[in-house]
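Chain residues, written in single-letter form:
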Amino acid sequence: MHEGFAIRTIRNIGIAAHIDAGKTTLSEAMLFLSGRKHRFGRVDEGQAALDWMPQERERGITITAAATTIPWKGHNINLIDTPGHVDFTAEVERALRVVDGMVAVFCAVGGVEPQSETVWRQADRHGIPRLAFVNKMDRVGADFFRVVEEIRTKLGANPVPIMLPMENEGFNGLVDLVSFEAIVFADGQDSAEPKRVPVPGELRARAMHAKDALLEALAEADHDFLEAFLEREPEPEEVRAALRRATIAGKIVPVLAGSAAELKGVPELMDAVVHFLPSPGDLPAIRGTWEGQERQRLPSSAEPLSALVFKIQADRHVGKVYFVRVFSGVLRSGDVVLNSTQNELQRVGRLFKVHANERVPVEELWAGEVGALVGAEAQTGDTLCAPDSPVILSAMEFPAPVLDLAVSPARRTEADRLSRAVAALVSEDPTLAARVDQETGEMVLSGMGELHLEIVVDRLRREFGVEVVTGAPRVAYRERPSRAGQFEHKLVKQTGGRGQYAHIIFQIEPALQGKGLEFESRVVSGRIPKEYIPAVKKGVAEAMARGPHGFPVVDLKFILLDGSFHSVDSSDQAFRLCAAQALREALKQLGTTVLEPLMLVETVVPEEYVGAAVGDLSARRGKLLGLESQGTSALVRAVVPLAELFGYATALRSLTSGRGSFIMRFSHYEPVPEPMAAKIARQPVSV
């Protein structure tokens, strides 16, 4: 292991929350307090180092997950700041795939907001240990204990406060329940080093009650601590050790409080990250597969290399930059590695440590480290590993795009530049797709929402210098086969020289939702040579790009049953064309069902506007899922077709005198009602 490096001094953490809860401000505060930055960058003034994109600084929101390394008390905290807006949920998903712990930030006034729940569920799915930080304690209406209770009831977690806000005028201190000391902030200034004093007499009873609750929660979660707890008063170090074990095991969530904008409570949070969240060395072996067999890699630099490409960034100067997390072994510049997902050998170019959009060259990345490389060719979710010890780590799952936007170059001469720029953006964003409409020749971008596509268009103009003309956003309808059927198709072309011959017998049927294309070959006895089978699959995939109604076809199972070939006239191209023609004809005969995306809409309105909000959602073909009281406001949950949600933000503002807010995220696809399906099918397919 190289000098100064120890895997147990690393903390790979993500910071995630609802939009505007203060994630980026907290990250900037941590950078400032660690000495990494000499000035505290404020988001509202466009100074945040981690919001490095022009679009982020102008809007005051995080769009792309940004990584940095923060030194703190002999440890290196590799931090990934993630977006809070639902259109960029994929950025959170890939960040959570490679972090070992998470700081969930909650607004002390807003509490557990809708996107907080989304992020929490994502972390649950990955089994990530968490700390909770109740931010904005200096705001009017801040209520620490209400937020703790909401974490318990809404998220189903076991929150245990380890800091207690001192309830005097303003937010002027905390009680550290582990050391049982009061942390008093200096008046009238941001305090990086507050004073630690004995707990004031008027707070002792409440603080002792909170400490007892902490010790009892630890005794329930940790058997070793229970024995010490029953025998005597545990020492602070014993409490910290038990807290660490219980947090890593996911049995409790330590809760802290502070104000990131005033730097209050942030040093204590950084201490908690070091004390209670796991290092890569605390984790079990990561699991993968190779040729159907399970493989494991211990989090050690002595193990064979395994690394995951979790993010791609297009850079005009150096090409594609691949962000990687090294789970085992050592990744060295110049090494030949196996991209096991693509089954290709590749040479590693330059390696970097990353701070937002700044890159510092390094020669190697060791197990547990997060960095970036250039020179290889990969896609998001690909595994890089030692050629003599292959493994494929589990990839990431991303939601399907739900909104289409037609784009075309302002000048015809820029068509090639537009194609290259879109290809670069699609390669770095797994929730962005692009296709060319076969009838109109227009390029159609598909994304997660209006803001997502707006940012993409803005990046085309700014980063790639391509002026584009856009159409109106259109719902990304899909089609799936209405029923099963068996067909036969033969391609015979003779043009004087070598002809084209292909013959297939096949069956198609609807597949389960979300399966895309399921392809199966049951051809026996060489009736169709094996080398032509991939061409059949390719032809089927091409034909699925546009169904009878003009929309992409999804959830289709294609079973190749039989066929024949010609020793001279058959070729890959012949079987590809034959399969494409065959599927188009089969879908016309069978008919397809038009599917529309349904969105989970979570609307927060003052109680007096609940009736109006529910009525409006119902008028939009919404199905009410639930109604929940949130103090003087109410949370309305409904599933609503995306087609009915254009202009909803304006309508909601009008209904609630500007006091309502909402988020929406993709839920699932459902068949369009029959009368509407006919209307959609009659519409021109041009967007």
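Structure report, in brief.

**Some details on helix α14 (residues 610–619)**
Residues three or four positions apart in an α-helix share a direction because the helix packs 3.6 residues into each turn. Regarding α14, the residues found buried are Val 610, Ala 613, Asp 616 and Leu 617. In a view along the axis of α14, the buried residues occupy a sector of 135°, so they form one face of it. Exposed side chains of α14 directed beyond 90 degrees from the buried face belong to Gly 611 and Ala 619. In this structure, the buried residues of α14 make contact with β35 (592–606), β36 (623–630), β37 (633–641) and α15 (648–655). Once α14 finishes, Arg 621 follows within two positions and takes phi at roughly 65°, a positive value.

**Remarks on the side chain of Thr 656**
Considering the arrangement of structural elements, one finds Thr 656 in the loop between α15 and β38 (661–671). A residue is classified by how much of its surface remains accessible, and Thr 656, at 1% relative accessible area, is buried. Reaching out from Thr 656, the side chain makes a polar contact with the backbone nitrogen of Gly 660 at a distance of 2.8 Å. Not counting chain neighbours up to four residues away, the residues in contact with Thr 656 comprise Val 605 and Tyr 609.

**Notes on the sheet that holds strand β24 (residues 392–393)**
Taken together, the three strands give an open sheet; going across it, the order is β13-β12-β24, and neighbouring strands pair in antiparallel fashion. Two strands close off the open sheet at either side, each with one partner strand: β13 (293–297) and β24. Relative to β13, strand β12 (residues 286–290) runs antiparallel, the two being bridged by five bridges. Residue pairing for β13: Trp 290 is matched across the bridge by Gln 293.

**Digging into the packing of helix α10 (residues 415–428) against helix α11 (residues 450–462)**
At a minimum axis separation of 11 Å, α10 and α11 run at an interaxial angle of 130°. Put simply, α10 runs oblique to α11. For the crossing formed where α10 meets α11, the hand is right-handed. Taken together, the residues of α11 that come into contact with α10 (itself represented by Leu 418, Ala 421, Val 422, Leu 425 and Glu 428) are Val 456, Arg 459 and Leu 460. A class-by-class count of the residues in the contact of α10 with α11 yields six nonpolar, no polar and two charged.

**Re the pattern of salt bridges**
Inspection of the entire model under this criterion finds 33 salt bridges. With its nearest N and O atoms 3.4 Å apart, the salt bridge here joins Lys 154 to Glu 628. Residue Lys 154 is found in helix α5 (residues 144–155), and its partner Glu 628 is found in strand β36; the two are separated by 474 residues along the sequence. Overall, Glu 628 belongs to the partly exposed group, its relative accessible area being 26%. Across the salt bridge formed by Lys 623 and Glu 670, the nearest N and O atoms sit 3.5 Å from each other. You can see Lys 623 sitting in strand β36 and its partner Glu 670 sitting in strand β38, a full 47 residues away along the chain. Here the salt bridges share partners, and the residues they tie into one network are Arg 8, Arg 244 and Asp 282.

**Looking at the sheet that holds strand β19 (residues 351–355)**
The eight strands are arranged β18-β17-β23-β14-β15-β22-β19-β20 in an open sheet whose pairing can be described as antiparallel. Each edge of the sheet is formed by a strand with only one pairing partner; in this case those strands are β18 (344–347) and β20 (358–362). Looking at each pair of strands side by side, their axes are set apart by 40° on average, direction ignored. In this sheet, strand β23 (residues 383–385) lies alongside strand β14 (residues 306–315) in antiparallel orientation, the contact comprising three bridges. Opposite Ser 306, over in β23, you have Cys 385 as the bridge partner.

**Description of the packing of helix α6 (residues 201–221) against helix α7 (residues 223–231)**
Contact geometry for α6 and α7: axes closest at 6 Å, N-to-C directions at 130°. The pairing of α6 with α7 is recorded here as oblique in orientation. Contacts from Leu 215, Glu 216, Leu 218, Ala 219 and Ala 221 in α6 reach His 223, Phe 225, Leu 226 and Phe 229 in α7. For the contact of α6 with α7, the per-class residue count stands at seven nonpolar, one polar and one charged.

**Looking at the pairing of strand β22 (residues 370–373)**
With burial as the criterion, each face of β22 is covered, one bearing Val 370 and Ala 372 and the other bearing Gly 371 and Leu 373. Taken together, the four bridges between strand β15 (residues 319–328) and β22 define a ladder with antiparallel strand orientation. Note on β22: the bridge partner recorded for Phe 323 is Ala 372. Sheet topology note: the β19/β22 ladder contains two bridges and is antiparallel. Residue pairing across strands places Phe 352 opposite Ala 372, the latter belonging to β22.

Calculation notes
- Residues numbered from 1 in each chain as written.
- Predicted model: local features only at pLDDT ≥ 70, side-chain atom pairs only at ≥ 80, totals over all residues.
- Heavy atoms only, no water.
- Buried < 20%, exposed > 50% of the residue type's maximum accessible area, 1.4 Å probe, protein only.
- Helix = DSSP H or I, 4+ residues; strand = E, 2+ residues; numbered from the N terminus.
- Arc of directions from axis to C-beta.
- Contact = heavy atoms within 4.5 Å.
- Polar contact = N/O pair within 3.5 Å; in protein donor to acceptor, adjacent residues only side chain to side chain.
- Pairing = 2+ DSSP bridges.
- Axes fitted to C-alpha atoms, helices over the stretch in contact; angles between N-to-C directions.
- Parallel < 35°, antiparallel > 145°, perpendicular 65-115°, else oblique.
- Left-handed = near helix turned anticlockwise from the far one by under 90°.
- Nonpolar A, V, L, I, M, F, W, Y, C, P; charged D, E, K, R; others polar.
- Salt bridge = Lys/Arg side-chain N within 4 Å of Asp/Glu carboxyl O.

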